[in-house]
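Observations on the model geometry
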Amino acid sequence: MDKLRGDVRHAMIGGDRVRAKELRAELRDAEHRWDEALAELADKSQSAADSDAQAPATPVAALRLAPRARVLLPVREQVHQALTLLGAPAAPRLIVAVHEAFYAGRLVSSRLTSLRRDEERSFRAAPYARPYYLCAALTADLLSPARGLLAVSTWPMDRRIIGPLSPRVDYLTAAIAVAEQLQRSGDPEPAARRLLWRFAANIPRAASSMRSMSPHEVATAARAELAVHKEADSAHRTAAARRARTQLDDAAQLFGSGLALSRPADTSA
Amino acid sequence: MNDLEARLDRIRGNVAPRNHNARTVAALTSNPGCARRAIMDAAGVDKQLLASCAGFAAQFGQSQFAIGRGNAFEAQVKAGGCAELLRLLREHLQLSIPEVSYDNLDEVGGNTCREVRYARTRALLARAARSDQDAGTLFDHPLLRLQVGGRPVYLEPDLIAFQLRNRFYVVEIKSFSVIDGLADGEKVAAAVIQSAVYVLALRDLLADLGFGADSVADNVVLVCPENFSNQPTAALLDVRKQLTVLQRQLARLERIGSLVDLLPPALTFDPRLDEYGLPHRPVSELISDVRTVQARYAPQCLASCEMCFFCRDEARGTTAALGREVRDELGAVELVQVALRLADGTLTGADDQAEAAAMLRAAARLRSECLDGAA
Amino acid sequence: MSTLVALARALAAERGIAQPVCTARHVHVSDRPLVLIPLALAGEANAPLAAMVGTDPRSPRLLVVHQPRNRDQRFAFAARLAEIVLAHVGGYRSAAAVTRGAGSQPGARHVDAPQIIVPNPAGIGFIRLLGRSTRFRRSTGEHAVDPAVPVLGRWLTFFAERSEHPGSCLLLAATQALALHWASGQSPVEDLNLAALLGWIDPPPGMTGYEAALAAEDPVASPPAGPATDPTFDNEILAPLIAACGRSDVTDAVRERSRSSLETALSGQLAPTWTLVWQAVKLLRALPSAGRLATRWDADKDAFTSYAEHLRDGGPPQPRRDSAVAAARRLNWLERAQASYAAQRALDDPLVLADYRLTGEAFGGPVTTAEPDRLDTSGKRRKLRPVITVVTEDPIRVEPGAALVSPTRPGQTARVVSVSARPPDMPRSATGSDEWSPSNAAFGAEASRPLTEVALELSGGMGRALTAVPGSVPVVGEQLCYTTLTDSYQLHGQFPAREETPWTHGGPPPEYVPTDADAVEAWS
């Protein structure tokens, strides 16, 4: 196996990816067989030791779940919870952070990567069968799915549109939501304060340090900046939402138009 | 396809062309006198593959930990509508509060074709520059284009920021740390020259649209992690010097046609790979063809060019291989052999070498005196 | 780089083996150096991955961080390293202190000082960064760490800062120490590779230096000395193992096997370098030590003693940045120290002095005339002032009146009386003998080489009487070198005290007090 590892590395040094890939496969094979052999050996010696010691046998190969993984809700429910709190489209990282801050159970970010695709498939198979779907947010100009964002299908169209000012507006909206939730909960998790601080640090006059941060002040500062952008942002979103409703079918309104439109949006709007 | 392109394609052979990026363009400034590299880069030769086929494989890969960290840091800086970046730009460029508009030029409605992205970048930047109202502040993953050696090269800076009624700034996000206000000098230098490439490309684009060079700032914004954390910090860096150097080198490259004209018409670096990727060109033939084009090896090549071991082997016996300092101290004599024979007196140099030769002889005498004739 | 060293490199390239550029060892090598080979994870500012450390080449200790991005595990690594380093340093602190000799600052100085050896300058950089990321931590409050960690940080920072002083040997980089004494047949850049450099200095039997260095460049056969790991190692071996160690859905036994595999892989990257560093130590020890080495090591011991006191008295950790005065003072000090260090090596080692003979700051040759009994009667008292003449081929550049010193008679000053060209075909002195050195014999051979005659008036080092102690005055025929270099200690430049920092440099700096922010600074 050591030789195989060396060979893979030499292949990569020489820029020969094809050969490296072959060797890697061979290596994985060998490692797998080695691991199995070791496991078998461990089983044998364990059971031998057990029979010697006459201790109650512990199944060695039993999978042990991580202690706190008593999942209360399915992933889509957890995501829905977090998004509902935020009230604006959000990236998986933020969704996970919000969940960790305010809700029980663990949400692992890797489970979110295929979520949008799975939801789309489910919708197309049986439209509106479920009370809500986790969907995309659409870019205002081309009405294509904005990368890396999740939204809730029950939201009005213009909340699910991303205009040029929307990323900042949604950021401030999320900050306000988090601040208000913090004020509401009596005994917030440290993760919640840390989350709010990450927002506050990037909003003018929101807080001067994590220690002195007050959710009320953060929300006030966020609202102050939000007021600057709100009108222009709403105008973009409303116009784009109108176009989406007229030009796109149901599925596309939720999950975006896959093709570039022949008539791109009037950019002077 | 013009003549030059056809010639370069022939030199490259039946291998897919490697695209230039800002790093390789910047590298043109580090060894401008090397014809071998200039031609290989112009032809899009895969230097790592070629070196390996010739028996001189050189390691230039990147650790996935470094790549991962770089991606993660960039993602963090750009998260939430570039929240962290906005904070830094408001501080360093005095962006006003309303200037938060964000446009992502990564894909165009699912179309990642370069020409389409470039066209869209042009359109959006033009609109921002011409408009009196806010029409764009942050442009993410823009695609720019630069003429290098007569061929267009597509370049992707991390982000371009536009200050209303003012100018564009290139923003580069790098994951090496700034600790107590200091960062690794070499890494900063590399970042600065890469940024200068983007500034050039951006100026080209705007010039095409009728805007002057001052529509793009001479300063670039470099964003790095601060101390040992992932918190970003930014600095404005002046790239005027690097711009001058780059423009000079690019101008030289325009004349690559004249270099190519001097080469034998049948010259090719094609390793003749079969469908399994195995080379079938006789190694000695490949080596001899590559050697037809002169290189200018220096130890600095070891850190920047995949052909380094090939050229180093070829340069064995020259004083250049020992480094510029050594070469200079040996009186700029080209060959080690010659230097040694001048030193021991068995060779009397040319007139213009007289001073160097005397120095070498004195050095040899002293050395032998101290080491008791044993050396 | 001088012509002599360049010539040595050319010779090395031709002969296939490194050539000496010194005849003595100018770095101190401890009896029990602490060798430390660090590895860091790529992409981060300072994420320790593993280390091999110890004072006995046969028993290295391996420290591994299984999840290098995990903050707690990093501090655990720092704590384990602290245990080893602080125990080593502590041994020297408890050793009895001796009172310093007359002529130096009053006070006691430890008998010996600890020495840390790393493979290369990047290793010193790792120590500096590790020191920086740990010295402000606290053992109480939020984000508390093991109390040994901040102490480790302060010591590592001390060692790293000290390594910037020319001539200091508390923290050595093996490549630098070797390159000081040997010229390889490759470029200085390539000398940073410890395996390649050792390949030139001590090639395996049957291989030339070039071949050995080439073999050393294959990262699979010869792992890099670190702290950076090879990218193909990272991608093909390290990443999968770290991922395996991080899995929570496997049995304890499987996880234990993953950890053990990771340790084996990292040990495999460290062990060859461990051997190489000890090989370097051995090669250096084989050289005779230079005369003034002890003086410099004394200065190191002073610094060590002084810092140990500072820590014992509860002094604060080194600040992040120098104040303006400290920075200027440090720069000035470094310049002087560099000059002094270079001079000391030249005075200790004829091959190093030879460099200066090429530039005119030194010259050497036979004594052709001598008046050992000459007296200077001009003043109130009569003084013994012998005069000698030395003839040299070296391109001398000294003026009458200049004060010179000879390495063989360090206590004696030679003042230049006159410098004149000597026609090359002048006959040898009347006492011409056959025991002259090769360069003398060459006088006849190279009639065209210009010669210079220097008359010197000597004073000092001859005893108190008006007749010189035998041997203290050079005799005709003796081969001598003289140089303008001195290693006399220069006074510090005059600088204002800290409290008086002029406003142009920001005013007096506040007293440095480590803050809470420092203690909880992220190390992610």
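Rules of the game
Residues numbered from 1 in each chain as written. Chains lettered and ligands numbered in written order. Predicted model: local features only at pLDDT ≥ 70, side-chain atom pairs only at ≥ 80, totals over all residues. Heavy atoms only, no water. Phe/Tyr/Trp six-rings, centres within 6.5 Å; stacked < 30°, edge-to-face > 60°. Helix = DSSP H or I, 4+ residues; strand = E, 2+ residues; numbered from the N terminus. Lys NZ or Arg CZ within 6 Å of the ring centre and 35° of its normal. Pairing = 2+ DSSP bridges. Axes fitted to C-alpha atoms, helices over the stretch in contact; angles between N-to-C directions. Contact = heavy atoms within 4.5 Å. Polar contact = N/O pair within 3.5 Å; in protein donor to acceptor, adjacent residues only side chain to side chain. Parallel < 35°, antiparallel > 145°, perpendicular 65-115°, else oblique. Left-handed = near helix turned anticlockwise from the far one by under 90°. Buried < 20%, exposed > 50% of the residue type's maximum accessible area, 1.4 Å probe, protein only. Buried area = accessible area lost by both parts, 1.4 Å probe. Salt bridge = Lys/Arg side-chain N within 4 Å of Asp/Glu carboxyl O. Nonpolar A, V, L, I, M, F, W, Y, C, P; charged D, E, K, R; others polar. Domains from an automatic or database assignment. pLDDT = per-residue confidence, 0-100. Core = buried A, V, L, I, M, F, W, Y, C linked by side-chain atoms within 4.5 Å.

Observations regarding the packing of aromatic side chains
All chains considered together, the criterion is met by 15 aromatic pairs over all chains. Taken together, a centroid distance of 4.8 Å and an interplanar angle of 50° make the contact between Y171(A) and F199(A) tilted. Of this pair, Y171(A) sits in helix α6 (residues 166-184) while F199(A) sits in helix α7 (residues 190-200), placing them 28 residues apart in sequence. Ring centres 5.6 Å apart and planes at 75° place the aromatic pair F56(B) and F310(B) in the edge-to-face group. Taken as a pair, F56(B) in the loop between α4 (47-53) and α5 (64-92) and F310(B) in helix α11 (residues 308-314) lie far apart in primary sequence, 254 residues in all. Of the aromatic side chains, those joined through ring pairs into one cluster are W155(C), F158(C), F159(C), F304(C) and Y307(C). The aromatic ring of F136(C) is capped on one face by R320(C), whose charged end is 5.6 Å from the ring centroid. One residue, R345(C), lies across the ring of Y341(C), its end atom 4.4 Å from the ring centre.

Quick word on the sheet that holds strand β2 (residues 34-40) of chain C
Residue and element names in this part refer to chain C. Pairing is mixed in the open sheet, where five strands are placed in the order β4-β3-β2-β7-β8. Looking along the sheet, the strands with just one partner apiece sit at the ends: β4 (61-64) and β8 (171-173). On average, each strand axis in the sheet is tilted by 20° relative to the strand beside it, whichever way the strands run. Bridge count between β2 and strand β7 (residues 116-118): two bridges; the pairing is parallel. Note on β7: the bridge partner recorded for L34 is I116. Here helix α5 (residues 174-181) sits on the sheet and contacts β7 and β8; the angle it forms with β8, its principal contact strand, is near 70°.

Considerations on the environment of D252(C)
Residue position: D252(C) is located in helix α9 (residues 252-285). Of the polar contacts made by the side chain of D252(C), one reaches the side chain of R255(C); its length is 3.0 Å.

Thoughts on the packing of helix α11 (residues 324-348) of chain C against helix α12 (residues 350-359) of chain C
All names here are of chain C. α12 packs onto α11 with a crossing angle of 115° between their chain directions and a minimal axis gap of 5 Å. Classed by the angle they form, the pair α11 and α12 counts as roughly perpendicular. The two elements α11 and α12 meet at a crossing, and its hand is left-handed. Of α12, the residues touching α11 (which contributes A342, R345, A346 and D348) are P350, V352, L353 and Y356.

Looking at the packing of helix α13 (residues 336-343) of chain B against helix α14 (residues 354-370) of chain B
Residue and element names in this part refer to chain B. Remark: α13 packs on α14, axes separated minimally by 7 Å, with the N-to-C direction vectors making an angle of 70°. In terms of orientation, α13 and α14 fall into the roughly perpendicular class. Every residue of α14 that contacts α13 at A339, L342 and A343 is listed here: A357, L360, R361 and A364.

A closer look at helix α3 (residues 35-43) of chain B
Given 3.6 residues to a turn, an α-helix orients residues that are three or four positions apart in the same direction. Among the nine residues of α3(B), nine are classified as buried, and the element is accordingly described as predominantly covered. At the C-terminal side of α3(B), G44(B) shows a positive phi close to 70°.

Let's talk about the interface of chain C and chain B
Opposite the 60 residues of chain C that make contact, chain B presents 49 residues. Summing both partners gives a buried area of about 4700 Å² for chain C against chain B, and 61% of it is carried by carbon and sulfur. Linking chain C to chain B there are seven salt bridges. D394(C) is paired through a salt bridge with R365(B); the nearest N and O atoms lie 3.0 Å apart. The interface formed by chain C and chain B includes 13 residue pairs in polar contact (both at pLDDT 80 or more). At the level of elements, α1 (3-15), β1 (19-20), α3 (121-134), α7 (209-216), α8 (231-245) and α12 of chain C are the ones that each hand at least two residues to the side of chain C that touches chain B. Top element by residues in the side of chain C that touches chain B is α1(C). It accounts for ten residues. Considering only residue class, the side of chain C that touches chain B consists of 27 nonpolar, 15 polar and 18 charged.

Digging into the sheet that holds strand β6 (residues 168-173) of chain B
Residues and elements named next belong to chain B. Overall, mixed pairing links the six strands, which are arranged β1-β2-β5-β6-β7-β8 in an open sheet. At either end of the open sheet lies a strand with only one pairing partner, and these are β1 (102-104) and β8 (232-238). The mean inter-strand angle of the sheet, taken between neighbouring strand axes irrespective of direction, is 25°. Across the sheet, α5 lies against β1, β2 (138-140), β5 (159-162), β6, β7 (219-225) and β8, angled at about 70° from β8, the strand it touches most.

Focus: the domain arrangement of chain B
Here chain B is described as being made up of domain 1 (64-242) and domain 2 (324-374). Computed over C-alpha atoms only, the centres of domain 1 of chain B and domain 2 of chain B are separated by 52 Å.

Structural notes on the side chain of T175(C)
Residues and elements named next belong to chain C. Structurally, T175 is set in helix α5. Judged by its relative accessible area of 3%, T175 is buried. Those residues in contact with T175 that sit more than four places away from it in its chain are P119, N120, P121, D191, L192, N193, L194 and L197.

Examining the interface of chain A and chain B
Contacts between the two partners involve 24 residues from chain A and, on the opposite side, 26 residues from chain B. Both sides of the chain A and chain B interface together cover about 2100 Å² of buried area, and 54% of this is carbon and sulfur. The interface formed by chain A and chain B contains three salt bridges. A salt bridge links E225(A) to R90(B); the shortest N-O distance between them is 2.8 Å. There are six residue pairs in polar contact (both at pLDDT 80 or more) connecting chain A and chain B.

Some points on unusual backbone geometry
Cis geometry is found at the peptide bond from G226(C) to P227(C), where omega equals -5°. Relative to the helices and strands, P227(C) resides in the loop between α7 and α8. One non-glycine residue, R205(A), lies in positive phi territory at about 60°. With respect to the helices and strands, R205(A) occurs in the loop between α7 and α8 (215-247).

Side note on the confidence of the model for chain A
Residue and element names in this part refer to chain A. Summing up the model confidence of chain A, the mean pLDDT is 84 and the portion of residues at 70 or higher is 85%. Considering only residues more than four positions removed or in separate chains, one finds that residues 54-69, a stretch of pLDDT under 50, has 15 contacts. Residue range residues 260-269 is modelled with pLDDT below 50. Its contacts to residues more than four positions away, or to other chains, number 13 contacts.

Remarks on the nonpolar core
Counting 89 residues, the largest nonpolar core has L81(C), W155(C), L178(C), L238(C) and L266(C) as its most contacted members. Ranked by residue count, the leading element in this core is α9(C), at twelve residues. W155(C) has contacts with L86(C), V89(C), R93(C), F304(C), Y307(C), A308(C) and L311(C), leaving out every residue within four places of it along the chain. Counting 77 residues, the second-largest nonpolar core is a separate cluster that includes A26(B), V45(B), L143(B) and Y198(B).

Here's the deal with the pairing of strand β4 (residues 151-155) of chain B
All names here are of chain B. Buried residues dominate β4, accounting for four of its five residues. Here five bridges tie strand β3 (residues 144-148) to β4, and the two strands are oriented antiparallel to one another. Across the sheet, Q147 pairs through a bridge with P152, a residue of β4. Remark: two residues form the turn of the hairpin made by β3 and β4, two consecutive strands paired antiparallel; G149 in that turn has positive phi of roughly 60°.

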